[in-house]
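The residues making up each chain are set out below.
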Amino acid sequence: MRTKVILVCEECFSRNYTTEKNKLNTTDRIVVKKHCPKCNKHTIHKETK
């Protein structure tokens with residue numbers, strides 16, 4: 001049971017990435033450090049609701 005999730009930059013709040021996660025194994029929100037094209041640097045991206 002994999003669902004699509006959208007990752008949002010914490011600084012500029014732009015929706016940059018989409019990914020999938022397994023809701024059975026990962027119940028909490030995904031937090032990764034990725035490159036934001038709008039900020040032009042590596043920032044923390046979190047899963048949206």
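Residues numbered from 1 in each chain as written. Predicted model: local features only at pLDDT ≥ 70, side-chain atom pairs only at ≥ 80, totals over all residues. Heavy atoms only, no water.

## Regarding the pattern of salt bridges
Counted by the stated rule, this structure contains three salt bridges. The salt bridge involving Glu11 is made with Lys41; its shortest N-O contact spans 3.2 Å. Placement of the pair is Glu11 in the loop between strand E1 (2-9) and strand E2 (15-22) and Lys41 in strand E4 (residues 41-47), with a sequence separation of 30 residues. Judged by relative accessible area, which is 40%, Lys41 ranks as partly exposed. Across the salt bridge formed by Lys21 and Glu47, the nearest N and O atoms sit 3.1 Å from each other. Of this pair, Lys21 sits in strand E2 while Glu47 sits in strand E4, placing them 26 residues apart in sequence. The residues Lys21 and Glu47 share a single accessibility class, namely buried. (Salt bridge = Lys/Arg side-chain N within 4 Å of Asp/Glu carboxyl O. Helix = DSSP H or I, 4+ residues; strand = E, 2+ residues; numbered from the N terminus. Buried < 20%, exposed > 50% of the residue type's maximum accessible area, 1.4 Å probe, protein only.)

## As for the confidence of the model for the protein
Averaged over every residue, the pLDDT of the protein is 95; the share at 70 or more is 100%. Here E2 stands out as the least confident element of the protein, with mean pLDDT 95; E4 is the most confident, with 97. (pLDDT = per-residue confidence, 0-100.)

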